[in-house]
Amino acid sequence: MDGSTILGTFKKNEGAFQFLVDRGARVWLLWGRTIVGGQSPPYDFAAKFQQDSVGRIMKRLHGWEAGAWFWTCFEGGARGTVPSKDEAAFEVERAYTRYVVNVDWR
């Protein structure tokens, strides 16, 4: 969708994801706090698509990377470090979108 305009319909996720990749877009994931041992660490968020955990972002609090955001996409293994939370979320969403349609596989 673009606003209220439907741009296409697809029978499978792969087709919809390829449509996004072809336009330089990404799927928006559902973000929530990461829960580890019943606790929610500060600056730590998990991404889901439907029922599956697909990625995680967390702010580095110590060391030479303090203040930077680490991101990882569980599917495909993409990961990195960026300056902001929004950039980290973007990278997970882009990596997951590309993973679903095998864009980076050779």
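Nothing here was measured: the structure is a model prediction, and the numbers come from that model. Residue positions are given per chain, counting from 1 as you read along its sequence in written order. In view of the model being predicted, local features appear only for residues whose pLDDT reaches at least 70, and side-chain atom pairs are presented and counted only at 80 or more, with totals across whole chains, interfaces and linings using the full set of residues. Note that water and hydrogens are dropped before the side-chain values are worked out from all heavy atoms of the structure.

K.L.:
I'd like a rundown of the overall build of the protein chain, residues and numbers included.
P.N.:
Helix and strand labels come from DSSP, where a helix needs a run of H or I of at least four residues and a strand needs a run of E of at least two; each type is numbered from the N terminus. The helix and strand tally for the protein chain stands at 2 helices and 5 strands. Secondary structure elements of the protein chain, listed N to C terminal, follow the sequence α-β-β-β-β-β-α. Along the first, second and third principal axes, the C-alpha set of the protein chain runs to 45 × 30 × 25 Å. A total of 106 residues make up the protein chain; the buried ones form 30% of that total. In the protein chain, 29% of the contacts between residues at least 6 apart in sequence involve partners at least 24 apart. Accessible area of the protein chain: about 7,300 Å², with a carbon and sulfur share of 52%. For each residue, the accessible area found with a 1.4 Å probe, counting protein chains only, is set against the maximum for its type, and the residue is called buried under 20%, exposed over 50%, and partly exposed in between. In what follows, residue pairs with any heavy atoms lying within 4.5 Å of each other are defined as contacts. Residue exposure ignores everything except the shown protein chains as possible cover, and the areas themselves are Shrake-Rupley values with a 1.4 Å probe.

K.L.:
Before we move on, can you summarise the side chain of T34 with the specific residues and values?
P.N.:
Along the chain, T34 falls in the loop between β1 (30-33) and β2 (44-49). Note on T34: relative accessible area 7%, which makes it buried. Setting aside its immediate chain neighbours within four residues, T34 contacts Q39, S40, P41, D44, F45, A46 and R56.

K.L.:
Requested: an account of the pattern of salt bridges, with residues and values cited.
P.N.:
Oppositely charged side chains may form a pair once their charged atoms are brought near each other. Any Lys or Arg side-chain nitrogen found within 4 Å of a carboxyl oxygen on Asp or Glu counts as a salt bridge. Under the criterion given, the structure shown has 3 salt bridges. For E65, the salt bridge is made with R60, and the minimal N-O distance between the two is 3.3 Å. Across the pair E91 and R94 runs a salt bridge, and its minimum N-O distance is 2.6 Å. Of this pair, E91 and R94 both sit in helix α2 (residues 85-100), 3 residues apart, roughly one helical turn. According to the relative accessible area criterion, R94 is partly exposed, its value standing at 35%.

K.L.:
If you had to explain the packing of aromatic side chains to someone new, which residues and values would you point to?
P.N.:
Only Phe, Tyr and Trp rings take part, Trp by its six-membered ring, and two of them pair if their centres are within 6.5 Å. Stacked means planes under 30 degrees apart, edge-to-face means over 60, and tilted covers everything else. Scanning all chains against the criterion turns up 5 aromatic pairs. Aromatic side chains Y43 and W69 sit 6.4 Å apart centroid to centroid with 80° between the ring planes, which places their arrangement in the edge-to-face category. Placement of Y43 in the loop between β1 and β2 and of W69 in strand β4 (residues 69-73) is noted, with a sequence separation of 26 residues between them. Taken together through their ring pairs, the aromatic side chains of Y43, F45 and W69 make up a single cluster. In this arrangement the basic side chain of K59 is found over the ring face of Y43, its NZ or CZ atom lying 4.8 Å from the centre. A ring is considered to have a charge above it if a Lys NZ or an Arg CZ atom is located within 6 Å of its centre and within 35 degrees of its normal. We note K85 situated over the ring of F45; from NZ or CZ to the ring centre the distance is 4.1 Å.

K.L.:
Help me get a handle on the pairing of β4, residues and values and all.
P.N.:
The buried count for β4 comes to 5 of 5 residues, which makes it a mostly enclosed element. Taking every second residue as pointing to the same face, both faces of β4 are buried, with W69, W71 and C73 on one and F70 and T72 on the other. Paired strands are those between which DSSP finds at least two bridges. Sheet analysis places β4 next to strand β5 (residues 79-82), joined by 4 bridges and oriented antiparallel. Within β5, the residue paired with F70 across the bridge is T81. Following β4, the chain reverses through 5 residues before pairing antiparallel with β5; G76 in that reversal takes a positive phi of roughly 95°.

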